[in-house]
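The residues making up each chain are set out below.
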Amino acid sequence: DKLDPQSGTSLELGSSGDTISVPSGATFDVPSGATLDVTGATVSGLSSVSGNTGQFKVYSSSFTLSNGVTTLITGWSEDFDLSNYFASDKYTPTVAGKYFFHYSFRANNPASSGARFKIGLRKNGVEVGNTNGETNVVSGGSYPTVNQSAILDANGSGDYFEVLGFQNRGGDIGLFDLVFEGFMLSA
């Protein structure tokens, strides 16, 4: 059987506050090219999700990184956030699963030889091992770029992710082309 809108091309099920249920064992299929908009709704009981849920990309044109101090990067602007998981400089997915993240920045001022630049990821306020991208400047006058990718688990009920940076050039340094992006790989 098929349910079509009375007029136009949009169909709304229920009203604000209603609960729409798909029984256990049933399949709710959203065909390729269709859109399922659940903005502001609570989605629960999912055993699997596909289609790269949680896609987001945030950026910053500039950030000042102090010398010798690991610093949380703040002031992100959203390019897109399809599941509304990004707020207050952190990504907090509400569906449990494995998530892919990529993050990067460039130093705005020429760096001196031996300067070290690092970008990393924090989960629930704690730096996660093996998520650090790092570079050491071999010769002066370059604009070092640091980037890293990671795949991490999120519990869907409070785990959050943030980006941090570090440099030891000898003074504060401006960063530009900062990016933090990702999506859900699997439940």
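Up top is the structure.
Residues numbered from 1 in each chain as written. Predicted model: local features only at pLDDT ≥ 70, side-chain atom pairs only at ≥ 80, totals over all residues. Heavy atoms only, no water.

A short note on the overall build of the protein
Turning to step 1, where the next piece is worked out: Looking only at helices and strands, the protein has zero helices and 13 strands in total.
Turning to step 2, where the next piece is worked out: Helices and strands appear in the protein in the N-to-C order β-β-β-β-β-β-β-β-β-β-β-β-β.
Turning to step 3, where the next piece is worked out: Sequence-distant contacts, at least 24 apart, represent 73% of the contacts inside the protein between residues at least 6 apart.
Turning to step 4, where the next piece is worked out: Summing over all exposed atoms, the protein offers an accessible surface of approximately 11000 Å²; the carbon and sulfur share of this is 45%. (Helix = DSSP H or I, 4+ residues; strand = E, 2+ residues; numbered from the N terminus. Contact = heavy atoms within 4.5 Å. Areas by Shrake-Rupley, 256 points an atom, 1.4 Å probe, with all protein chains shown as cover.)

Details of the packing of aromatic side chains
Turning to step 1, where the next piece is worked out: Applying the stated criterion to the full structure yields 14 aromatic pairs.
Turning to step 2, where the next piece is worked out: Ring plane angle 65 degrees and centroid distance 6.4 Å describe the contact between phenylalanine 56 and phenylalanine 101, whose orientation is recorded as edge-to-face. Note that phenylalanine 56 is positioned in strand E1 (residues 56–60) and phenylalanine 101 in strand E7 (residues 97–107), a separation of 45 residues in sequence. Here the two residues phenylalanine 56 and phenylalanine 101 agree in accessibility, since each one is buried.
Turning to step 3, where the next piece is worked out: Ring centres of phenylalanine 56 and phenylalanine 180 lie 5.0 Å apart, and the angle between their planes is 90 degrees; this geometry places the pair in the edge-to-face category. Pair noted here: phenylalanine 56 is in strand E1 and phenylalanine 180 is in strand E13 (residues 173–186), with a separation of 124 residues, a long-range link. Per residue, the accessibility class of phenylalanine 56 equals that of phenylalanine 180, and both read buried.
Turning to step 4, where the next piece is worked out: Each member of the aromatic cluster is reached from another via a ring pair, and the members are Phe56, Trp76, Tyr85, Phe86, Tyr91, Tyr99, Phe101, Tyr103, Phe161 and Phe180.
Turning to step 5, where the next piece is worked out: The ring of tyrosine 160 carries the charged tip of lysine 90 above its face, separated from the ring centre by 4.2 Å. (Phe/Tyr/Trp six-rings, centres within 6.5 Å; stacked < 30°, edge-to-face > 60°. Buried < 20%, exposed > 50% of the residue type's maximum accessible area, 1.4 Å probe, protein only. Lys NZ or Arg CZ within 6 Å of the ring centre and 35° of its normal.)

Focus: the environment of tyrosine 160
Turning to step 1, where the next piece is worked out: One can find tyrosine 160 in the loop between strand E11 (145–154) and strand E12 (161–167).
Turning to step 2, where the next piece is worked out: Along the primary structure tyrosine 160 and threonine 94 are separated by 66 residues, whereas in three dimensions their C-alpha atoms are 9.6 Å apart.
Turning to step 3, where the next piece is worked out: Discounting residues that sit within four places of it in the chain, tyrosine 160 has contacts with Lys90, Tyr91, Thr92, Arg122, Lys123, Asn124 and Gly125.
Turning to step 4, where the next piece is worked out: Here the side chain of tyrosine 160 touches glycine 125 through a polar contact of 3.4 Å, landing on its backbone nitrogen. (Polar contact = N/O pair within 3.5 Å; in protein donor to acceptor, adjacent residues only side chain to side chain.)

Remarks on unusual backbone geometry
Turning to step 1, where the next piece is worked out: Non-glycine residue serine 88 carries a positive phi angle of around 50 degrees.
Turning to step 2, where the next piece is worked out: Locating serine 88 in the fold gives a position in the loop between strand E5 (86–87) and strand E6 (90–91).
Turning to step 3, where the next piece is worked out: You will see that asparagine 130, though not glycine, has its phi angle at about 65 degrees, which is positive.
Turning to step 4, where the next piece is worked out: Assignment of secondary structure puts asparagine 130 in the loop between strand E9 (126–127) and strand E10 (133–136).
Turning to step 5, where the next piece is worked out: When its relative accessible area of 77% is taken as the criterion, asparagine 130 is described as exposed.

A few points about the side chain of glutamine 167
Turning to step 1, where the next piece is worked out: On the secondary structure map, glutamine 167 appears in strand E12.
Turning to step 2, where the next piece is worked out: At 3.0 Å, the side chain of glutamine 167 forms a polar contact with the backbone oxygen of leucine 65.
Turning to step 3, where the next piece is worked out: A polar contact of 3.2 Å, which involves the side chain of glutamine 167, links it to the backbone oxygen of serine 66.
Turning to step 4, where the next piece is worked out: Excluding anything up to four places from it in sequence, glutamine 167 contacts Leu65, Ser66, Asn67, Gly68, Val69, Arg116, Phe117, Asp172 and Ile173.

Concerning the nonpolar core
Turning to step 1, where the next piece is worked out: Ranked by internal contacts, the top residues of the largest apolar core, which has 32 residues, are Tyr91, Phe101, Phe105 and Phe180.
Turning to step 2, where the next piece is worked out: Of all the elements in the fold, those that place two or more residues in this core are E1, strand E2 (63–65), E7, strand E8 (116–123), E11, E12 and E13.
Turning to step 3, where the next piece is worked out: Look past the residues within four positions of phenylalanine 101 in its chain and what remains in contact with it is Phe56, Tyr91, Leu121, Gln148, Ser149, Ala150, Leu152, Phe161, Phe180, Glu181 and Gly182. (Core = buried A, V, L, I, M, F, W, Y, C linked by side-chain atoms within 4.5 Å.)

Side note on the environment of leucine 175
Turning to step 1, where the next piece is worked out: Tracing the chain through its elements places leucine 175 in strand E13.
Turning to step 2, where the next piece is worked out: Along the chain, leucine 175 and glycine 165 lie 10 residues apart, while their C-alpha atoms are 9.8 Å from each other.

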